[in-house]
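The chain contents come next:
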Amino acid sequence: MLKPSPVNQTATTAAAPFSIVAIGASAGGFEALEQFFSHVPANSGIAYVVIQHLDPDHKGILPELLQRSTTMPVTLARNRLKVKPDTVYVIPPNRDLSILRGALHLLDPVAPRGLRLPIDFFLRTLADDWGERAIGVILSGMGSDGTLGLRAIKEHGGLVLVQEPASAKFDSMPRSAINTGLVDIIAQAAELPASISGFVSHAPSSLAGLYALDVETSAQKSGLEKICNLLRMRTSHDFSHYKKNTLYRRIERRMVIHQLGRIDDYVRYLRETPLEIDQLFKELLIGVTRFFRDSASWNALRDSVFTDLLLAHPSGAALRAWVAGCSTGEEAYSLAIVFREALERVQPNGHCALQIFATDLDPDAIATARMAHYPANIAADVSAERLERYFFEEGNGYGVGKEIREMVVFAPHNVLSDPPFTRLDILTCRNLLIYLDADLQKKLLPLFRYSLKPGGTLMLGSSESIGNFTKLFSPLDAKARLYQRDSSLLPLPEIDFPARYSVNVNRMEPSMNAKPMPIPPNLQTLAEQILLQRFAPASVLVDATGDVLFVSGRTGKYLELADGKANWNIHAMAREGLRHELALALPKALRNGESVSYHNLKVAANGGSHVFDLSVHPLTEPAAVRGMVMLVFSDVAPGTRVAVTAEDKGHARPSRRVTELEQVVTEARQDQQALREEMQTSQEELKSTNEELQSTNEELQSTNEELTTSKEEMQSLNEELHTVNIELQSKVDELSAANSDMKNLLNSTDIATVFLDNALRVRRFTTQATQLFKLIPGDIGRPLSDLVSDLDYADFSEDAERVLQTLVYSEREVATGDGRWFQVKIMPYRTMNNVIDGIVITFNDIGRAKRLEEELRHLATRKMDAA
């Protein structure tokens with residue numbers, strides 16, 4: 001996940017008046033240093049600190065040698081020496097160098113000779129002290145010293161440069177740095193000073209423009225929104241809800257590298273160069289991680305949480321953990337190691353296992369974590385006991401042991417948009433929340449509670465806390481940032497699952513909870529409102545059951561709320577004189593799909609009576625109101641009522657009443673007939689449905705029998721697969737043993753051997769071969785002719801091609817530049833199926849035979865001379 005530069009920087013960092021360049025070099029580094037300083041411009045305003053692997057038993061003369069390549073003063077570092085610009089400082093022999101508040105400090109080395117990492121040590125202190133003004137440079141050298149220090153500089157927003165490996169005399173250190181994916185600039189040593197000067201000269205104005213978030217301009221805001229949109233289109237990941245100062249800091253770094261002054265220029269550059277979007281994406285995903293970061297928190301997790309979990313399951317248990325934002329896997333493996341340590345301490349009777357799900361947004365970081373290979377300088381963070389117990393030496397670094405590797409499953413995952421893991425005992429999310437805005441933090445913490453089992457443990461980073469979510473978690477160890485899920489049944493905030501949550505990319509669209517902007521009314525709107533309020537009849541929208549959905553106009557003359565519990569059904573609200581007509585009209589209108597009208601209805605209200613017409617209209621369009629009914633109440637004016645004379649007054653009321661009753665009887669008979677017809681139709685449909693159900697039942701019975709048969713077949717197939725799996729596992733164990741035997745056999749012969757494929761690319765090599773070729777594990781797949789060799793063998797490629805074509809082995813005696821002799825034998829590589837799949841080259845040391853031959857030749861010459 002996104003883990004950018006730290007937010008809380010020291011006062012020294014914030015006030016750093018100039019940049020400091022730390023240059024790490026080892027074997028072959030002096031030539032690169034000469035090329036570097038001979039191209040540093042005068043009055044650059046930058047300080048330089050050279051950290052080189054020096055012989056602790058000899059007095060250093062590096063300052064005198066470097067002084068010949070630069071006009072800047074070159075001095076040996078001393079205790080409490082203040083760093084000044086346009087000066088070069090060199091580490092003295094047999095000392096570790098650090099920096100604090102701009103002053104150098106010398107320390108006695110703690111690690112034994114051969115295991116010291118002075119470049120990493122100084123780069124880390126420089127990153128902590130100088131922040132974004134720190135610049136790290138790695139030149140020629142053996143090993144991987146400086147790799148972790150460069151990571152620290154990137155975490156704090158500094159610049160990282162590395163010498164082009166092809167131009168380095170020894171390329172191990174540059175390649176190790178490049179393999180981290182954190183390097184900003186790769187160039188020859190002579191070209192690096194110009195890149196540094198360009199970066200420093202553009203940095204101040206950019207910093208002043210982008211970091212002043214309190215006065216964020218509309219151009220900056222628009223540019224940031226466009227960049228987030230480009231990132232989302234390119235990577236399918238949204239960064240708009242991350243903190244602005246984090247985004248601006250990373251964008252500013254890329255702008256300075258490309259020497260762009262305005263954010264609009266950088267947006268244009270992103271659109272023209274899609275690969276730069278990928279680089280910015282990687283810049284935003286720099287992992288702030290290492291083994292056992294904040295060791296006190298890991299000790300607390302082991303001694304309290306894991307111990308209590310194991311004691312609570314003495315008969316064994318299968319525990320589950322999720323490491324969210326695992327980066328390159330260090331924290332996931334740290335979690336597995338502390339669990340194994342707790343398991344060895346408690347020693348429960350039953351089998352206890354921990355399944356760890358480690359996820360991250362960056363697929364490259366996941367690929368690195370899956371390789372489970374780390375540089376040798378992790379020894380600075382992992383104790384010697386843990387290295388011996390849980391790691392094994394592999395090439396120039398360490399590999400994670402099998403028992404730890406098999407505990408962790410790595411997968412790309414976006415905690416903000418992908419479904420979470422559930423039923424967890426442990427959830428760690430360290431140094432991620434502090435880079436999200438408050439809205440996302442409020443969504444993630446309830447989600448984490450949902451993921452954990454009751455009583456499960458949440459582990460956060462040293463700069464994070466649960467905030468106001470004290471109802472969700474209770475602190476176990478506040479200093480170690482360990483929290484336990486609260487199992488109480490108190491009302492909890494609604495969980496917004498990622499599957500339903502979509503992030504607003506450009507932040508220009510209003511949210512659902514935002515207050516709508518008022519729309520100024522026009523003349524048509526005002527006229528329609530007046531017509532509705534003054535001239536439109538009262539009306540009510542109801543559903544098929546009579547529940548009121550919408551009311552327009554004054555309906556108090558026709559409807560009233562009944563006593564007791566509120567009931568919004570139209571039949572309960574209708575006044576006396578309206579209920580009977582409503583009971584007949586509503587179902588009739590729905591059944592026939594036609595409007596029904598009643599005239600001159602009378603209701604009593606407010607001490608008087610009102611005469612009105614009722615119209616019931618079933619609605620079919622638009623689709624949103626289909627199945628609903630609109631009731632319209634229209635008052636009847638007094639002048640339009642039927643006049644009754646005094647002569648007929650005595651007969652008018654009975655005659656009208658009889659007419660109404662006859663109409664009611666007629667309608668009742670019509671309804672009864674319609675009900676009979678509907679009932680007959682329903683009976684026929686039920687008979688047809690019953691027959692279909694019987695047929696379906698027979699089909700289901702047949703399907704059930706087929707499924708039962710399929711289940712038996714699947715059980716049989718499962719047993720066969722289980723047997724095959726056991727056989728394959730046995731084959732894997734045999735191949736692993738054969739591979740180990742082959743490796744030991746090749747090493748025991750003490751003969752340098754190199755295996756090449758048909759394209760003469762390196763497939764495998766023995767340890768002895770590294771004495772003739774500059775081979776490292778990363779060279780697998782590279783042409784052997786591209787690698788530097790000590791052999792004086794110009795016809796090697798021709799001989800190898802000839803062996804591949806003729807299948808006749810070649811044998812030669814070849815010398816090296818330092819006077820050694822080897823018998824080089826090139827043979828075709830045959831598979832078990834007698835297929836030629838490359839060549840095998842052996843280098844047998846015949847130096848002793850050559851020396852004896854030379855001695856015999858001299859002896860024979862002397863005898864001849866004596867004769």
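Each remark here, short or long, concerns the structure printed above.
Bear in mind the structure is a predicted one, so any value in this text is a computation, not a measurement. (Residues numbered from 1 in each chain as written. Predicted model: local features only at pLDDT ≥ 70, side-chain atom pairs only at ≥ 80, totals over all residues. Heavy atoms only, no water.)

Attention now moves to the sheet that holds strand β26 (residues 752–756). Judged by pairing direction, the sheet is antiparallel, and its 5 strands sit side by side in the order β27-β26-β30-β29-β28 without closing on themselves. Each having just a single partner strand, β27 (762–765) and β28 (810–815) make up the two edges of the open sheet. This sheet shows a mean twist of 20 degrees between the axes of neighbouring strands, independent of strand direction. As defined by bridge partners, β26 adjoins strand β30 (residues 836–845) across 5 bridges and the pair is classed as antiparallel. Pairing of Thr753 across the sheet is with Thr842, part of β30. (Pairing = 2+ DSSP bridges. Helix = DSSP H or I, 4+ residues; strand = E, 2+ residues; numbered from the N terminus. Axes fitted to C-alpha atoms, helices over the stretch in contact; angles between N-to-C directions.)

The next thing to look at is unusual backbone geometry. A positive phi angle, close to 60 degrees, is found at Asn94, a residue other than glycine. With respect to the helices and strands, Asn94 occurs in the loop between β5 (88–90) and β6 (96–100). We note that Arg101 has phi near 55 degrees; this positive angle belongs to a residue other than glycine. If you trace the backbone, Arg101 turns up in the loop between β6 and β7 (103–107). With a relative accessible area of 57%, Arg101 lands in the exposed category. (Buried < 20%, exposed > 50% of the residue type's maximum accessible area, 1.4 Å probe, protein only.)

Moving on, we come to a nonpolar patch on the surface. On the surface, Ile530, Leu531 and Phe535 cluster together into a nonpolar patch covering about 330 Å² of accessible area. Residue position: Phe535 is located in the loop between α18 (523–534) and β21 (538–542). On the basis of relative accessibility, which here comes to 63%, the residue Phe535 falls in the exposed class. (Patch = residues over 30% accessible without salt bridge, like charges linked within 9 Å, V, L, I, M, F, W, Y side chains within 5 Å. Areas by Shrake-Rupley, 256 points an atom, 1.4 Å probe, with all protein chains shown as cover. Salt bridge = Lys/Arg side-chain N within 4 Å of Asp/Glu carboxyl O.)

Here we come to the pattern of salt bridges. Following the criterion strictly, the structure yields 35 salt bridges and no others. With a closest N to O distance of 3.2 Å, Arg268 and Asp265 form a salt bridge. One end of the pair is Arg268 and the other is Asp265, both in helix α10 (residues 263–272) and 3 residues apart, which spans about a single turn. Taking the shortest distance from any N to any O, the salt bridge between Arg389 and Glu344 comes out at 2.8 Å. Of the two residues, Arg389 is situated in helix α15 (residues 384–390) and Glu344 in helix α13 (residues 330–346); the sequence distance between them amounts to 45 residues. Accessibility expressed as a relative area gives 37% for Glu344, which makes it partly exposed. A single network of salt bridges, built from pairs that share partners, joins Arg302, Asp303, Glu341, Arg345 and Arg386.

From the geometry alone we can't say anything about function, so treat these as descriptive.
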